[in-house]
Structures are given as structure tokens and as C-alpha cells.
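One letter stands for each residue in the lines below.
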Amino acid sequence: MRQVSLLLAFLLAFAPCVNAGERVFFNPGKVQPAEALVGSTTKAVVAEFIGPSDNQLGKEVSYIVWREILTAISDQRGAGVIIAAAPPGQRLIDMLQKDYHDAALQIAQSQRARMALWGAVEDEAGKLSIDIYLTLLDDARGKELNLQWGIKGETLLSAAIKRTKFNFPVAELSRADLVKRPIVVRSPLAVRSRAEPSAPVMQTVQAGTLLQATGMAGGWFEVRVGEANGYVPIHGIDLPPPRALVASSEVLRVRPESSAPITARTTETTELRVTDMRYISTSGLWFQVEAPSGSGWISAARTKPRYSLPAVHFVAGIYRYLVGRWDDAAREFGQYVASPGAEDDNASLATAYQLLGASRLLVAQPATYGAISAFSEAIRLAPYDPSGYSLRAVASAYDSGRLSARAATDLEQALSLDSNDRDARRMVEKGLEVGGIVKSANSLPYRITDANAERLIKDLKGRYGIK
Amino acid sequence: MRTKLKRLLWFTLLGVFALGSQAQTIELTVMADNARVPGVSVTVQYKGPLREAGETDSQGQLSLDLQGKLGQRVAERDAVTLSFRKLGFDPVNRLFTVGTSSALAVPMTSRSAVASQLTQADQTALEPLRNLGANGPLLLLPYELNGIAEPDQVNRRLRASLERRIVTYVQSVAGARTAELGVRLVVVAGSRDVSQMQAYGRYSNVLAVIGGEAKPPRGGKMQIESKYLIIPKLQEFEAPVAYVDEFVTEGEINSAALHRQLKRAWGRLTVLALAIRDINAAPAAPGSERKAALVKVRQYLGAERSSGGPNSDEYLKEIEELLTYLDREIR
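Computed from a prediction, not measured in an experiment: that's the story for all the values here.

Asker: Can you help me understand the pattern of salt bridges in this one?
Answerer: A side chain with one charge may pair with a side chain of the opposite charge, provided their charged atoms come close. For the coordinates displayed, the defined rule picks out 39 salt bridges over all chains. Arginine 278 of chain A serves as the salt-bridge partner of aspartate 276 of chain A, at 2.8 Å between the closest nitrogen and oxygen. In this structure, aspartate 276 of chain A and arginine 278 of chain A share a single accessibility class: buried. Of the charged contacts in the structure, one is a salt bridge between aspartate 245 of chain B and arginine 94 of chain B, with a shortest N-O distance of 2.7 Å. Linking aspartate 245 of chain B in strand 13 (residues 241-249) with arginine 94 of chain B in strand 7 (residues 92-97), this pair joins segments that are 151 residues apart in sequence. Taken together, the salt bridges that share partners define one network made up of Asp75, Arg320, Arg325 and Asp328 of chain A.

And the structure:
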């Protein structure tokens, strides 16, 4: 019986992730490659990063970002991540000129992707400075990034998360930390003697094999095989996150299986090194972590993975948000806002708080635990952004079940910053229409717009010429 | 024994406190045309509201106790925004990294200062920039990096990094209108004081001039002072001269260290410079064409303001000033 369950666990361990990754070559200004991952409903393009010189650093960092995003959304069916690389023998830096955001956007549009991610890397004696940029494409700004509140199926208030271009703070880390890590073979793979597809094969490794990467050369990981070094292509492997936050009193098991014997227990909430990873078709992703009391397996859902670059969390959060997985989205945005240095770019951090607030609101209905405080934090970080106030007004309606004076005050603030702010104007316009009487859950009638809010909204209509 | 230990602990704590206090007080000296400038009003901001810091005395000096003025300690390597204003002088904003130096010399430029005539060699060097189009470029004068290995290479990498960071910032705020916006590195022989940098900028018809220098090391740290000057002028608006002060360990000077703080600061100022240039370029005659041009400027300035953070009131005041000016015309 034990052998059967071990065999089952062994077979399940090789289940492929449900998302997909693909590589395309693009040539800015020329005919774009055919659409990849046609069946994917939520796609992002990671355009090869710009490196400092003739070395392949830009390529290496972008490939790692690509694979880490795939890990972060490994259980999201219909999700895909495309890496857009320069044609062999060419360098993206020479092709992009000064198009930057626009070139990344062009390739993302041609691939019908909803996000375009790209970046630049500088290397000073092994210390990397990495800039990452993200653009959300227009169709990602549709209703999915709106926050709406209504009663009985009718939307009464809505506000949009408006920022679509993000310049994330510079991330600084050592090249060794980025590339020396455990990697997991995704499908049977040839280990070659050089980082070239035509190099002699040293050995073939099976899916699920754990290898230790000792370096990188472009799109290849250098690995130790027996007494020699060999190379495996990055598109054939899965990348575990370097670390994961594990709460106190969690149990670690001998196998990636919830009924497996317990091998260790955590005694405090701490970030642990991830040493292996498996995707199990019935229970999702599992990490093997190294705790002070011993190493063992834990379901990824019970941890907060920490990826190499905070932007990976932000992008994963958008993936989750777009398909309505609010709990997962809240976890990713929570990880982003807690990342060191996030405050260096207040605009992207404010948006992350807006998305965190919206995710918390949507996952916790009707409770709104922590959502209003996230919107308030977004306002603290970007106090001149009218959309921050409009969003908090909608969140307040969720919180109180009515258009309260607090929400109306936020609309006043939004209009004082931009009298043409569409969301705020529309909500003021709707404010009195929704002033009817409804019955609450306990059958007591109440007005949706309270008296103080009504007075303020009438005043705002007059002040800003709103019908 | 216990008493001795207590005393030792007290002395240690006092030492740490004294060291901390020293780093949190900045001795400011404001200079212009080799003379000290009294009566300059100074404001300071750090993670909270803008605070009046006082005026420079008859010796052009002001001792600024940051903790006392701000009501909080400034974290090591965090930057405060210092602003200097006096009638008849170009306003100055400085982003100053706290914790390594307690003295700061602040050059201001008198409105009546006259730049020396550009030499023929400098004119020839700047000539290619003169007709490069409406949106740019920005002129980068090589940083003066005395005593640093391979300064030319550092400057070349700095140019590429600044260009990418400025262009992507502008693209993220003002949309895709950056085809001609780039950073050109030009070597000039003349001085790098503000009035001379303005002369280079006016001659070459650029959007802004960027320059900087490494100051002699103190306590193992080198001060890197960077300057950004907006060249287009608007009668109704005074663009400030912006400085960023960074402290870098000797031997760690590289392009990444140089532009750590510059990323957002320079991008934002470039948006401001573009707005001034676009307002100047709008049809002069009142009417729908002028209004349409100004509405466009208002849109991207509004987007820029909305990305302003809790520590950027001084800069946002300038954006606000331009928005008020535009609103008066548009309505």
C-alpha cells in the first residue's frame, strides 16, 4: 500500500504546470512573429532586457523573470508568458534605439498580450542594478481593473485603477544570488557540453530531476553533472522562488503530499530557502524548504513565496486579479508592498496598494478587513492622484453598504484635484439617483445615500456643474 | 564593576547619540558670485509637510537641525528636499542625502549674473545640437570625476542610463512623444557654474542641461553633486535649478551609484521642461488651436502631478503653478 502511494506521489510529481511559456523572436519595426500561445486567455510578454555591453546579462535576467512569473502563476489555467528575444546573433539594445516602452508595447500588441514587461541591467563587479518596466495594455484596463459597487445587480458606483505604466524601483542584488540556485527539469532534457543547441550531449535528465545551477550563459543554466559542468536551456526547466515566508507552527512533510509523514515544524514566522519544487496536479505547487529544525515539503499555498525581483509579485498579482482570483492577488500585492525598497517608486507602490485594497474587498465580501486601510495607504503615497480618492469612495460604500458622508468627502477631494475626473463626476451624478430607500438584510429600511452625503453631493453638483 | 559598566554604556550611548546628532544637523552656506548671500529663505521636507527652516544670517549661513525641525529622525541614506528662495536669484531645489556630511555649500545664481562669452571651440562642440527638433535633446556635460579611474567610461554609461531612465519616465507620464528626446554628451572647455551652463543651453537650444562633479572625499565618502537646469523660459513661471547630492564610498563610484537618486528627479524635471516648451510652442493667438495645445499639456501635467509622492511638495508646487496658469487660459 505504502509502495502504491509512493508510486502515485512519484507520478503526480511530474504533472506539468497548467500554464505555458513560449519564446518568440522579434525585430522592432519589421514583420512581427506569429502569435504564440494562441489558446491562452491571459498573456504577458517579457521582452529581453537591455544589458550593459556585449555580454548576455540582459538576456539572463529576463529569462529568469520569465520563468519566475511562470512559477508564480503555475496553477492558473489559460495563463501564458512569452519571452520575446532578439533574433540569434543580434542585440536588442542596438535594435530598440530609444523606443523602449513603445517597442515592448508593439510586440505585446502583436501577441495579444495584456502586459508588456521589459527592463535594463547594469553590472558593477558582480552587483546588478535592475530596472523593470511594466505596461498594461488597453484591454487589460477594461472592466476587470474597475472597482464597482451596487445593489441588486445594478452598478451604482465605479472607479478605475488608472495607472498603466510602471517604472519599478531599481533592484540591487548580486549575480550569484540570481543565478546560483536549484532548478527543476520540466521535461526530459539533454545536458550539453556547451551553451549551444548543437553541442554534444553529455547526458539526458528526466522530468522532475533537481539540478543545482552554478552559473548562466545567455539562455542556458550551467549545472554540475558528475565531475563536469554541462548546460541546460532555461526553457526546459522550472525555477523555484529563492525563498518563501512560512508562518509559525506549519508542518513540513517528507513528500509533497498532504498525508505524508511530518518531518519538521516551524517555530516562528520566517523566510526559508526553497531547495526544490513540484507541481502536483491534485494539490498544486509544493516547495521543499530548509527550516532550522530540518527540511521538508509544504504546499506553496501555505507560504508566501519571495521571488528574486518584486516586480514578479506585481505581475503575478495582475494575472490573478484579471481572472478574479482575489485571494491570490491579495497575497501577491501584499508581497510586493512588503518588498524592500518598494517605496522608492511611490506611484507603483500606490497602485499596488489600490490593487491590494480592491482584492481584499472582493475576496472578503461583505467584510472589508484591511481594504480601506490599503486604499488610505495608496492616498498617502500618491496624495495628488484623484483616482485614489474615487476608489476609496467605492470601498467605503462596500464597507458601510451606503454612500456615506465619508465617501462623498473623498469625491470632493478627487474633484478638487481634477474637476474633470470622470469617475468622481459620474459618481456624484449617480449619488442622488441612488438615494432611494432599500431594505437591509434584517428588513429595516434605510437610505442608500445618507443625509450628510446627500447635502455634500448637491453642493458638488452645483460647484462643478454636474447634472 | 557594575558602575563601571554602566558608565561605559552611558559613554557609548552618548557617543552614538553625538554621532547621530552631528549627521542630522546641516550647516548651510549660500554663495553667489563668490559672496555669501544673507536673507535666503530655506524650506525642508521629509516624509511629511513642507517646513520653514528659517533664513540665512548675515554670513549667508543657517544651521539646520533636521530632527528638531522635522520632528523625526531622517533615516540613513534617505534624502531630504531643501529649497532656497530669494528675490533676484534663481530658485534652487536640492535633494540632499543625509547621514554622511554636515556641511553643504549652496550656490545660487543672481539674475544679473552674466555668463562669459562662449569660446569658438565650445560653440563648435554645441553646434550639432542647435536644430535637433522640438522635444529635445538634453545636454549632458561630462561629470568632473577627478581622481576616479576611467571617468570617460563612467560618463558614457551615465549618459546611456540617464537617457533610458528619463525617456521611460516621460513615456510613462506624457505618452509616446519622445522620438527626439535623448541625452547628448558634449565636452565643453568652459566652466560649469549655473550661469555658464545656462549659456550653453541657450546657445544649443536644448531642453535642459545636466552636469555634476565629485567633491573631495570626507570621512571616506565622496559627495557627488548633480545639477539640472531647465532652459526654456516662461514669463509667468520660474523653473528652479535642481541639485541632487549623493554620498558614495570612494572606490564605489560608478554609473549605477551616480543615478540612484536621479532616476525620478530628472524624469520629473524633464516633464516640467517639456511643458514649458510646449506652452511656448502653442499658437500665440487666442483661439481653439491654442486651447487644444494647452489642453494636451494640461493632461500630461495632471498625470505627472498624480504620481507625486508625499515628499515632493516643493516640486508639486511648481506643477500646480503651471496647472493654475493653464486652467486660467483654458477656461
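Asker: For this particular structure, what's the right way to read the domain arrangement of chain B?
Answerer: Interfaces are often sized by the amount of accessible area the parts lose when they come together. Residues and elements named next belong to chain B. Taken as a whole, chain B is organised into domain 1 (2-109) and domain 2 (117-330). Counting residues at the interface gives 28 residues for domain 1, matched by 26 residues for domain 2. With both chains or domains summed, domain 1 and domain 2 bury close to 2200 Å², and 43% of this area falls on carbon and sulfur atoms. In this assembly, domain 1 and domain 2 are joined by 3 salt bridges. In this structure, arginine 94 and glutamate 225 form a salt bridge, with 2.8 Å as the shortest nitrogen-oxygen distance. If you look at where domain 1 meets domain 2, you find 10 residue pairs in polar contact (both at pLDDT 80 or more). Contributions of two or more residues to the side of domain 1 that touches domain 2 are made by strand 3 (41-45), strand 6 (79-85), strand 7 and strand 8 (103-107). Here the residues of the side of domain 1 that touches domain 2 sort into 12 nonpolar, 11 polar and 5 charged.

Asker: Even after reading the chapter, I still don't get the packing of aromatic side chains, so can you show me in this structure?
Answerer: The description of an aromatic ring pair rests on the distance of the ring centres and on the angle between the ring planes. Across all of its chains, the model carries 10 aromatic pairs over all chains by this definition. An angle of 20° between the planes, with centres 4.4 Å apart, marks the rings of tryptophan 118 of chain A and tyrosine 133 of chain A as stacked. Separated by 15 residues along the polypeptide, tryptophan 118 of chain A in strand 4 (residues 115-124) and tyrosine 133 of chain A in strand 5 (residues 127-136) bring together distant segments of the chain. There is no split in this pair, since tryptophan 118 of chain A and tyrosine 133 of chain A are both buried. Ring centres of tyrosine 321 of chain A and tryptophan 326 of chain A lie 5.0 Å apart, and the angle between their planes is 75°; on these two criteria the pair is classed as edge-to-face. Pairwise contacts between aromatic rings join Phe166, Phe168, Phe314, Phe333 and Tyr336 of chain A into one cluster. A cation sits over an aromatic face here: arginine 94 of chain B above tyrosine 243 of chain B, 4.2 Å from the ring centre.

Asker: Teacher, can you tell me more about helix 5 (residues 194-204) of chain B here?
Answerer: Residue pairs three or four apart in sequence face the same way in an α-helix, which turns once every 3.6 residues. Of all 11 residues that make up helix 5 of chain B, 10 are buried, and the element is covered over most of its length. Immediately downstream of helix 5 of chain B, the backbone of asparagine 205 of chain B shows phi near 60°, a positive value.

Asker: Explain the environment of leucine 173 of chain A to me, please; I cannot follow it from the model alone.
Answerer: All names here are of chain A. By secondary structure assignment, the location of leucine 173 is in strand 9 (residues 171-174). Under the relative-accessibility criterion, leucine 173 is labelled buried at 16%. With 154 residues separating them along the chain, leucine 173 and aspartate 327 place their C-alpha atoms 29 Å apart. Not counting residues within four places of it along the chain, the set of residues in contact with leucine 173 comprises Gly126, Lys127, Leu128, Ile130, Leu178, Ser308 and Leu309.

Asker: What is the right way to look at the packing of helix 4 (residues 151-174) of chain B against helix 8 (residues 288-306) of chain B in this model?
Answerer: The description of two helices packed together rests on the angle between their axes and the distance between the axes. Residues and elements named next belong to chain B. Between helix 4 and helix 8, the shortest axis-to-axis distance is 8 Å and the interhelical angle comes to 110°. Taken as axis vectors, helix 4 and helix 8 run roughly perpendicular relative to one another. The residues of helix 8 that touch helix 4, namely those facing Tyr169, Val173 and Ala174, are Tyr300, Ala303 and Glu304. When its residues are assigned to classes, the contact of helix 4 with helix 8 shows 5 nonpolar, no polar and 1 charged.

Asker: Explanation requested: the nonpolar core in the structure shown.
Answerer: As a rule of thumb, nonpolar side chains are buried together in soluble globular proteins. Membership of the largest hydrophobic core comes to 110 residues, with the highest contact counts inside it found for Ile69, Ile130, Phe221 and Phe314 of chain A. Other than its neighbours up to four places away in sequence, phenylalanine 314 of chain A contacts Leu134, Phe166, Phe168, Phe333, Tyr336, Ser348, Thr351, Ala352 and Leu355 of chain A.

Asker: Help me out: how do you make sense of the environment of alanine 291 of chain A in this one?
Answerer: Residue and element names in this part refer to chain A. Mapping alanine 291 onto the fold places it in strand 21 (residues 284-291). Taking the relative accessible area as the measure of exposure, alanine 291 reaches 12% and is therefore buried. Sequence separation between alanine 291 and valine 246 is 45 residues, and the spatial gap between their C-alpha atoms is 9.3 Å.

Asker: Sorry if this is basic, but what is going on with the environment of leucine 417 of chain A here?
Answerer: Here leucine 417 of chain A lies in helix 11 (residues 405-417). Taking the C-alpha atoms as reference, leucine 417 of chain A lies 9.9 Å from tyrosine 389 of chain A; in sequence the two are 28 residues apart. Once you skip the residues sitting within four places of it in the chain, leucine 417 of chain A turns out to touch Pro383, Tyr384, Asp385, Pro386 and Tyr389 of chain A together with Arg305 of chain B.

Cut-offs used in this document
Residues numbered from 1 in each chain as written. Chains lettered and ligands numbered in written order. Predicted model: local features only at pLDDT ≥ 70, side-chain atom pairs only at ≥ 80, totals over all residues. Heavy atoms only, no water. Salt bridge = Lys/Arg side-chain N within 4 Å of Asp/Glu carboxyl O. Buried < 20%, exposed > 50% of the residue type's maximum accessible area, 1.4 Å probe, protein only. Helix = DSSP H or I, 4+ residues; strand = E, 2+ residues; numbered from the N terminus. Domains from an automatic or database assignment. Contact = heavy atoms within 4.5 Å. Buried area = accessible area lost by both parts, 1.4 Å probe. Polar contact = N/O pair within 3.5 Å; in protein donor to acceptor, adjacent residues only side chain to side chain. Nonpolar A, V, L, I, M, F, W, Y, C, P; charged D, E, K, R; others polar. Phe/Tyr/Trp six-rings, centres within 6.5 Å; stacked < 30°, edge-to-face > 60°. Lys NZ or Arg CZ within 6 Å of the ring centre and 35° of its normal. Axes fitted to C-alpha atoms, helices over the stretch in contact; angles between N-to-C directions. Parallel < 35°, antiparallel > 145°, perpendicular 65-115°, else oblique. Core = buried A, V, L, I, M, F, W, Y, C linked by side-chain atoms within 4.5 Å.

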